[in-house]
Number of protein chains: 4
Amino acid sequence: MAGSTYGNIFKISTWGESHGKALGVVIDGCPAGLPLCEEDIQLYLNRRKPGQNSLSTPRKEDDLVEIMSGVFEGKTTGTPISLIVRNTSQKSADYSEIASYYRPGHADYTFDEKYGFRDYRGGGRSSGRETIGRVAAGAIAAKILKEMGIEICAYTESIGPVQINYENFDKANILTTPTCMPDAAASADAELYLKNCREELDSCGGVIACTVTNVPAGIGEPVFDKLDAGLAKAMLSIGAVKAFEMGDGIASAFQKGSQNNDAFKMIDGKVSKITNHSGGTLGGISDGSPLIFRAFVKPTPSIFKEQQTVNKSGEDITVQIKGRHDPIIVPRAVVVVECMTALTILDLMMVNMSSKLDSLISFYKDNN
Amino acid sequence: MAGSTYGNIFKISTWGESHGKALGVVIDGCPAGLPLCEEDIQLYLNRRKPGQNSLSTPRKEDDLVEIMSGVFEGKTTGTPISLIVRNTSQKSADYSEIASYYRPGHADYTFDEKYGFRDYRGGGRSSGRETIGRVAAGAIAAKILKEMGIEICAYTESIGPVQINYENFDKANILTTPTCMPDAAASADAELYLKNCREELDSCGGVIACTVTNVPAGIGEPVFDKLDAGLAKAMLSIGAVKAFEMGDGIASAFQKGSQNNDAFKMIDGKVSKITNHSGGTLGGISDGSPLIFRAFVKPTPSIFKEQQTVNKSGEDITVQIKGRHDPIIVPRAVVVVECMTALTILDLMMVNMSSKLDSLISFYKDNN
Amino acid sequence: MAGSTYGNIFKISTWGESHGKALGVVIDGCPAGLPLCEEDIQLYLNRRKPGQNSLSTPRKEDDLVEIMSGVFEGKTTGTPISLIVRNTSQKSADYSEIASYYRPGHADYTFDEKYGFRDYRGGGRSSGRETIGRVAAGAIAAKILKEMGIEICAYTESIGPVQINYENFDKANILTTPTCMPDAAASADAELYLKNCREELDSCGGVIACTVTNVPAGIGEPVFDKLDAGLAKAMLSIGAVKAFEMGDGIASAFQKGSQNNDAFKMIDGKVSKITNHSGGTLGGISDGSPLIFRAFVKPTPSIFKEQQTVNKSGEDITVQIKGRHDPIIVPRAVVVVECMTALTILDLMMVNMSSKLDSLISFYKDNN
Amino acid sequence: MAGSTYGNIFKISTWGESHGKALGVVIDGCPAGLPLCEEDIQLYLNRRKPGQNSLSTPRKEDDLVEIMSGVFEGKTTGTPISLIVRNTSQKSADYSEIASYYRPGHADYTFDEKYGFRDYRGGGRSSGRETIGRVAAGAIAAKILKEMGIEICAYTESIGPVQINYENFDKANILTTPTCMPDAAASADAELYLKNCREELDSCGGVIACTVTNVPAGIGEPVFDKLDAGLAKAMLSIGAVKAFEMGDGIASAFQKGSQNNDAFKMIDGKVSKITNHSGGTLGGISDGSPLIFRAFVKPTPSIFKEQQTVNKSGEDITVQIKGRHDPIIVPRAVVVVECMTALTILDLMMVNMSSKLDSLISFYKDNN
């Protein structure tokens, strides 16, 4: 209940602090028989790894994952998979100063209030490094979804004022631009903008968009466990995400019904929608069209500008944050968005398996 | 797991369809000793009741709640509270036609895909009447929070293009304007706008804002069960809500860190924030400042304009929805937002009770 | 969390007190498409109904169930099923006296300690009438299991010192003897014994045995959610059950491995066990042989003999319980055992559906 | 859901196989501020460690625990605690043979049925080594309970036919006899009995009793989450446990109410019971008297006698198990019983914190 556990059937528990010995995750409920090796997971971890380019913190970590259990002769066994990534580049000395005051925009104050004290080294559990566990687990969920033909694609849609032009969309760019933008030209603009931010000792926010294709219709549960609600929780659980929209979400609040409704039409003998304002769900349940949603990410709170704050003795002070910090969170959060999406969808697909009596009965007839 | 259960400790299960015998909720985990009568709950249900003014469906329902269990001699006993509201004004005949096709923007198609068939009368379980259970349970949660000095205030911030002017904010108006706007002038404009929508056989969306005052610092769990994440799920679980922001959520994605960070300052001997861009949380945990968030509501999908769709025989058809429908969902959803907020915060406050060993130990020392 | 919710996917919430308006249950997670009418449920409720013969309390209740939601045109819709049974024969006056003291063997004292006060009428929520909700929900689970060929058979194995003779086992007797014994001769002996108990103003305990046939191999989860563990919790959750054994459970603690192990043998081309000391599980997972387990039921605590106790003013007193009480709990608990078993097995069968990747993938291939 | 997760608020996820790299556990929900070092946990692990005396498997493992997260400057931080124990003495070659057939009394067959294949090395996840994670987590729970004055004491009550004499009960013996019996004379007899078992290439079962003192009244939730039910599940989740009784559980099924009821009496100004047949609960809620319960443990299924079984090709064969196996499971399971008890009680104590409104309100008044 302390909040590091996620999922109903494909259930994960993440652990670890920024400057502890290691970070990791236990996945309880992964189906048996999935071919799995460390490389499958490492590919995802590499996408969130620091020190890859000028946009990310100079902290260098290999973030090598080790599979500790749950895999035998190259396949998952159905029992818990434990994954560990050791910390190798902690510079706790950098953080000793922040033990004494509350950094604006960070969880220092709230952790102290909740727990009475905190592991202040690098933000401890509230550090972005916490997402290592999510990404490691999400890599496995994504692999399973891929086996079912379901593809998740998250990318940077905007950084500060710089937005991508969808006419320049090239999926390959997502993995090659330092911004994770699919539009190389916009990415170059964004890099310039970020260079300026950094020179001004400042940071900036951005928007991550995500699409999921081939999700079968019927996923998501009515009322509280709508697919939209699950994704909203998944996104807002990511440290710096402060808003979420499904499909045309925000815009739809300013539109008319005739603009927002998606008409149905038979296409290739299948019930289809001719538009997708809803972002792939109706009544919180997937409708067979692509899922489309966005996560709005706040600027990195660690800025080098002088800021006003309060120390633990209750005195007003001004501080200048030191340490190693990205000027923007977005590019490294793109893979986190993908992974949280994979975890959410796979879990709801498992939950959905008993929605029809016929399917339940034939499942046990066929599997015996 | 079918999704009608919500909460970890203050746990509710809602049930009922638009045109079934009744709707209701079971609350398992309400503390013992709360004075509770039907009037406490009825006040909230009356706020979502249809037929109250020109903006809401002409369907007239008294929506009278009956307490079936869990209250003895005027106080909650700690055991499950069962609440029932009988349906009295079903006109199922109105809906017989929609059995044969999929209404755009509704869950007809997705329920058929998920369950193989559906209760088509008035949308069945996907109807807005489903929220009766949430509101009845939320009224109790809100009463408990009030006893702790915590006040929740949701209101309509915009309807289509009409936004309130915060200089005209008068909380009393929320309960008296048909729009639930705190700004009477904006409300009058919105009514005009809605009259036009209706004349055009159309509907429109809007935005609900919500503030919560006096939440103690420390509520919300790190990582997956952040307060922001819990509220996001709560809001997106409401039928027509398609986006959520915490504090300056959306805007913060376009801002710099120096604009978005809230500086700390000692005020009246308390650690305080001089701004509240974050919406009352840091790292997903309440920081003692007011919670502020928004739910973005899509237009009513039931519009009287002709629409293109598909019938169950797989033919393209055009339809004109009949029946009784609000031109806007927002005003009646305001109380639903309040109630989902109450359920989410109270539950997280209960979850938080064992976060410090000292508090756990003294709890049992003091209570024995 | 207040403990009236049970199950992971086939999830139920029961509610109601002995002398409240009604009792009931909400089932969230019942698959869609099950033909269901009130008669299906009534048959089970009738088996636990009071006033049926000399062994049960003279309180006469029809205990008629009403389906309030979740069924449309004779079939479950996949959304919550709400079931209600109204109380009609409350004689609260009988109980006014017990408000002032703690009945030995009852939950009066512990409810006061936990909640600060209690609904003392007929034991309130701790009354055996609480099982109405379980039985109503269990009837549905049992119907689903039956559609898969799984049969549950619980019966009285002993009452006080009177044990059945398995050579006289006739399943039909379970539903016709007042003791629910499958051995008519033993049943007659037990009736005599109970008549003596009653004349001595006393009560007695007994043992309920239960077998389940045709459970497929593979049900139950390793480590904490073993099938044995689930059944143990299910049984001990029944008011008066104070012990549980799986297969030869108790005896096996006094045996040697060579006696207790069940040898495997190919029978009709299937891996089979030539004995079933384990009671149908290995490592907590069903092995395809029948499940066999026992619930040990304590004597009715409400006895008419004079007893020593304490009143709410903290004085030692002697009391003689009045009211309407069965001299034995066992016969009416037999159907409760069946129903808790059905709920436990069905839920674990749903949980098991994603244990193999192949099955998950082909499920979604086949259902699309 | 794969079953390796336990607890509602003090939630643990265990992982690891007998012959994998390591075993471990993540504890999510441990309160902040508990002084904790590896030695606290090691003391418990040493009690279940193999190779300590003639009764346990000659496999020598140090089973050294490493704290990977959740502790800072010697105190728990409230965030997940990850504990790891590396495997150092795997001899997988010993087990290669068992890959091809199903050992009687083991989970080989059921794992194959559930997952399609299994990690056969030493039983994989179904090995007794799985309990390392439980014991490591339980050591922490027990430490917290101790801080509240709650003491758990489990011990061996019988081995095969050898029972302890309660007149010889000396708690110190539990930690010093190889049998974990508190009666040194009985322990010597049991050792002789076990020597015979081993010479006969056989094994035997036994009974573990457990008492818990100072549990406050009011712990356990009505209906499904009774303290009795929680303990029953906890015990039956331990690999070889096949029966459970609370208090006089089994005997009470053969007794009269007048024998089984515990009379109340004021003692030292406190409501007390003059006997404790119920084992410390009433209506499934702790009554302030000591908890008393028993776990019945089957014989070690790995016996060296020739046994009849089936191989994976579906042929009847006879086998003689090799490898390193204890002739009895009981002594090493004693600490597992203690740890599962600690986990169950602590979690229910946390769940109970919001049972009274007054306590909830004053908790937040006092902690702000």
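None of these values were measured; they are calculated from a predicted model.

> Teacher, can you tell me more about the packing of helix H3 (residues 131-147) of chain B against helix H9 (residues 330-351) of chain B here?
Two measures define how a pair of helices packs: the angle their axes make with one another and the distance between the axes. Residues and elements named next belong to chain B. Two elements in contact, H3 and H9, have axes separated by 7 Å at closest approach and are oriented at 55°. Relative to H9, H3 is oriented oblique. For the element pair H3 and H9, the recorded crossing hand is left-handed. Facing Thr131, Arg134, Val135, Ala137, Gly138, Ala139, Ala141, Ala142, Ile144 and Leu145 of H3, the residues of H9 in contact are Val335, Val336, Cys339, Met340, Ala342, Leu343, Ile345, Leu346 and Met349. When its residues are assigned to classes, the contact of H3 with H9 shows 16 nonpolar, two polar and one charged.

> Can you walk me through the relation of the copies chain B and chain A in this structure?
What relates the pair of chain copies is a rotation about an axis plus a shift along that axis. Between the two copies, chain B and chain A, the superposition gives an RMSD of 0.0 Å; the rotation angle is 180° and the shift along the axis is 0.0 Å. Such a combination of rotation and displacement between the chain copies is what one expects of a two-fold axis. A symmetric contact is evident, with 100% of the interface residues of chain B recurring at the interface of chain A.

> Explain the interface of chain C and chain D here, please?
Quite often, the size of an interface is put as the accessible area lost when its parts meet. With 105 residues of chain C at the contact, the number on the chain D side is 105 residues. When the two sides are added together, the surface that chain C and chain D hide from each other amounts to roughly 8400 Å², 61% of it contributed by carbon and sulfur. The interface formed by chain C and chain D holds ten salt bridges in total. One salt bridge connects Lys233(D) with Asp225(C), and the closest N-O pair in it is separated by 2.8 Å. Put simply, chain C and chain D have 49 residue pairs in polar contact (both at pLDDT 80 or more) between them. Sorting elements by how many residues they give to the side of chain C that touches chain D places helix H2 (residues 108-115) of chain C first, with six residues. By residue class, the composition of the side of chain C that touches chain D is 44 nonpolar, 37 polar and 24 charged.

> Please explain the interface of chain B and chain A as it appears in this structure.
In this complex, chain B contributes 105 residues to the contact, which on the side of chain A involves 105 residues. If you sort the residues of chain B by the area they bury against chain A, Lys114(B), Phe224(B) and Lys242(B) come out on top, with a joint share of 11%. At the junction of chain B with chain A, the criterion picks out ten salt bridges. With a closest N to O distance of 2.9 Å, Asp228(B) and Lys242(A) form a salt bridge. Joining chain B to chain A, the criterion identifies 49 residue pairs in polar contact (both at pLDDT 80 or more). In terms of residue count, helix H2 (residues 108-115) of chain B provides more of the side of chain B that touches chain A than any other element does, six residues in total.

> Got a minute to help me understand the confidence of the model for chain A in this structure?
In regions of low pLDDT, the predicted coordinates are not meant to be interpreted in detail. Summing up the model confidence of chain A, the mean pLDDT is 94 and the portion of residues at 70 or higher is 95%. Complex prediction metrics read pTM 0.97 and ipTM 0.97.

> In this structure, what is going on with the sheet that holds strand E7 (residues 81-86) of chain A? I would like to understand it.
The pairing of strands in a sheet happens through backbone hydrogen bonds and is either parallel or antiparallel. Residue and element names in this part refer to chain A. Across the sheet, five strands lie side by side as E1-E2-E3-E7-E4; this open sheet has antiparallel pairing. In this open sheet, the two edge strands, each paired with only one partner strand, are strand E1 (5-6) and strand E4 (65-67). Relative to strand E3 (residues 22-28), strand E2 (residues 11-16) runs antiparallel, the two sharing six bridges. Along E3, the bridge assignment pairs Thr14 with Val25. Running at roughly 150° to E4, helix H1 (residues 38-48) makes contact with E4 and E7 of the sheet.

Definitions and limits used
- Residues numbered from 1 in each chain as written.
- Chains lettered and ligands numbered in written order.
- Predicted model: local features only at pLDDT ≥ 70, side-chain atom pairs only at ≥ 80, totals over all residues.
- Heavy atoms only, no water.
- Axes fitted to C-alpha atoms, helices over the stretch in contact; angles between N-to-C directions.
- Helix = DSSP H or I, 4+ residues; strand = E, 2+ residues; numbered from the N terminus.
- Parallel < 35°, antiparallel > 145°, perpendicular 65-115°, else oblique.
- Left-handed = near helix turned anticlockwise from the far one by under 90°.
- Contact = heavy atoms within 4.5 Å.
- Nonpolar A, V, L, I, M, F, W, Y, C, P; charged D, E, K, R; others polar.
- Least-squares fit on C-alpha atoms with pLDDT ≥ 70 in both.
- Buried area = accessible area lost by both parts, 1.4 Å probe.
- Salt bridge = Lys/Arg side-chain N within 4 Å of Asp/Glu carboxyl O.
- Polar contact = N/O pair within 3.5 Å; in protein donor to acceptor, adjacent residues only side chain to side chain.
- pLDDT = per-residue confidence, 0-100.
- Pairing = 2+ DSSP bridges.

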